[in-house]
Amino acid sequence: MTPDDPRAARTRAKLRQALLDECAEHPLEEIGVAALARRAGVGRATFYVHYADLEALAVDACADVVREAVEALHAWRGRPDPVSAPPALHTFFAQLAPHTGLYRALLSPGGGGPLGRVLHHDLRARSLAERTLAGAPDAPLVASAVAATFTGVLADWLHGLLDGTPDAVADQVWQLLVALHMSR
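Residues numbered from 1 in each chain as written. Predicted model: local features only at pLDDT ≥ 70, side-chain atom pairs only at ≥ 80, totals over all residues. Heavy atoms only, no water.

**A look at the overall build of the chain**
Our working rule: Helix and strand definitions follow DSSP, with helices as H or I runs of at least four residues and strands as E runs of at least two, each counted in order from the N terminus. Only protein chains enter the accessibility calculation, which uses a 1.4 Å probe; a residue is then buried when its area is under 20% of its type maximum, exposed when over 50%, and partly exposed in between. Here a residue-residue contact requires only that any non-hydrogen atoms of the pair lie within 4.5 Å. The sign given to each residue is positive for Lys and Arg and negative for Asp and Glu; His and the chain ends receive no count. Just so you know, the charge point we use is NZ for Lys, CZ for Arg, CG for Asp and CD for Glu.
A tally of helices and strands in the chain yields 10 helices and zero strands. Across the chain, helices and strands are ordered from the amino to the carboxyl terminus as α-α-α-α-α-α-α-α-α-α. Each principal axis of the C-alpha distribution contributes one length, and for the chain these read about 55 × 35 × 25 Å. Counting the 184 residues in the chain, one finds 41% classified as buried. Looking at the chain alone, contacts between residues at least 24 apart form 66% of all its contacts between residues at least 6 apart. When the 17 positive and 21 negative side-chain charges of the chain are each reduced to one mean point, those points stand 6 Å apart.

Okay, here's the thing in structure tokens:
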């Protein structure tokens, strides 16, 4: 099977859903490959055809949160409101609750961890592309700062190091990001 094979895509989707269902009941560190494969209706060997380990599956299962974060941060056009985050960013933060435990396992405080690396990479690339296209000065510096700030704030909030409702945190991180963009 190739990665584009519809059967492979269906199997990966089953494994991702099984992981999300398991993580709703147990912490990631308590989940085993055999039980997860059974829940997905596939063999253990099939699991390893698609993923090296549970962490790789978990990052893949959480890839949507990365795409949603990147899109939410870039869901505005024109001059950004410096105080209120775009509605997509509010929605993003509000929808994190069902899998907070899984995100905490993959995104360590400060923004590290496997999901943090993916989020930082994707967010920096999108920010860099947009700033470069706009001819903004210091595009690489600001893109790195934006990615690090968002990833770190998100991780710290998920780990309870920052207080605030999803709406309050969305507005606060937005204000930080707008200030970064305006600083150069």
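**Focus on the packing of aromatic side chains**
Our working definition: Ring geometry is summarised as follows: Phe, Tyr and Trp rings, the Trp one being its six-membered ring, pair when their centres sit within 6.5 Å, and such pairs are stacked at plane angles under 30 degrees, edge-to-face over 60 and tilted between the two.
Summed over all chains, the structure comprises six aromatic pairs. Look at Phe47 and Tyr48: their rings are 5.0 Å apart centre to centre, the planes differ by 85°, and that puts the pair in the edge-to-face class. Under the relative-accessibility criterion, Tyr48 is labelled partly exposed at 39%. An angle of 80° between the planes, with centres 5.4 Å apart, marks the rings of Phe92 and Phe93 as edge-to-face. Assessed through its relative accessible area of 3%, Phe92 is described here as buried.

**Side note on the side chain of Thr100**
We apply this condition: By the criterion applied in these results, polar contacts are pairs of N or O atoms within 3.5 Å in which, for protein atoms, one can donate a hydrogen and the other can accept it, and in which residues neighboring in sequence qualify only through two side-chain atoms.
Relative to the elements of secondary structure, Thr100 occurs in helix H7 (residues 100-106). Looking at Thr100, the relative accessible area reads 16%, which means it is buried. Looking at Thr100, its side chain comes within polar contact range of the main-chain oxygen of Leu96, at 3.3 Å.

**Looking at the packing of helix H1 (residues 6-25) against helix H2 (residues 33-40)**
Two quantities define a packed helix pair, namely the angle between the axes and the distance from one axis to the other. Selection criterion: For helices, the fitted line uses only the C-alpha atoms of the stretch in contact; every axis is such a line through C-alpha atoms, and the angle between N-to-C directions lies from 0 to 180 degrees. Crossings are classed by handedness, with left-handed meaning an anticlockwise turn of the near helix from the far one by less than a right angle and right-handed meaning a clockwise turn. Residues are grouped as follows: Ala, Val, Leu, Ile, Met, Phe, Trp, Tyr, Cys and Pro are nonpolar; Asp, Glu, Lys and Arg are charged; all remaining types, including Gly, are polar.
Between H1 and H2, whose axes approach to 8 Å, the crossing angle comes to 115°. Crossing geometry of H1 relative to H2 is assigned as right-handed. Between H1, through Lys14, Leu15, Ala18, Leu19, Asp21, Glu22 and Glu25, and H2, the contact on the second element is made entirely by Leu36, Arg39 and Ala40. Its residues assigned to classes, the contact of H1 with H2 shows five nonpolar, no polar and five charged.

**Concerning empty space enclosed by the protein**
Put simply, the test is: Using a 1 Å grid laid over the protein atoms alone, points where a 1.4 Å probe fits but cannot get out form a cavity; open sets with protein on both sides within 12 Å along at least 5 of 7 lines form a pocket; any residue with an atom within 4 Å of a point counts as lining. Grid points are joined across faces, edges and corners, and a volume is the space filled by probe spheres set on the points.
With the rule as written, the count across this model stands at one cavity of 30 Å³ or more. Looking at the largest cavity, its volume works out to about 60 Å³. Taken together, Val65, Val66, Leu96, Tyr103, Leu107, Leu115, Leu119, Leu154 and Leu158 make up the lining of the largest cavity. When contributions to the lining of the largest cavity are tallied by element, the ones reaching two or more residues are helix H5 (63-73), helix H8 (113-133) and helix H9 (139-158). Of the residues assigned to the lining of the largest cavity, the class counts are nine nonpolar, no polar and no charged.

**Details of H8**
How we decide: Multiplying one less than the number of residues by 1.5 Å gives the expected span of a helix.
Between its terminal C-alpha atoms H8 stretches 30 Å, which fits the 30 Å expected from 21 residues at 1.5 Å a residue. Restricting attention to buried positions, one finds in H8 the residues Gly113, Pro114, Leu115, Gly116, Leu119, Leu123, Ser127 and Arg131. Where H8 is buried, its residues meet helix H4 (54-61), H5, H7, H9 and helix H10 (166-182). Following H8 by one or two positions, Gly135 has its phi on the positive side, about 75°.

**Considering the nonpolar core**
For the record, the criterion: Grouping buried Ala, Val, Leu, Ile, Met, Phe, Trp, Tyr and Cys residues that are joined through side-chain atoms within 4.5 Å yields what is termed a nonpolar core.
Leu19, Leu89, Phe92, Phe93, Leu96, Phe150 and Leu154 are the most contacted members of the largest nonpolar core, which totals 53 residues. Filtering out sequence-adjacent residues up to four positions away, Leu89 remains in contact with Ala72, Leu73, Phe150, Ala170, Val173 and Trp174.

Purely geometric numbers; function is a separate question.
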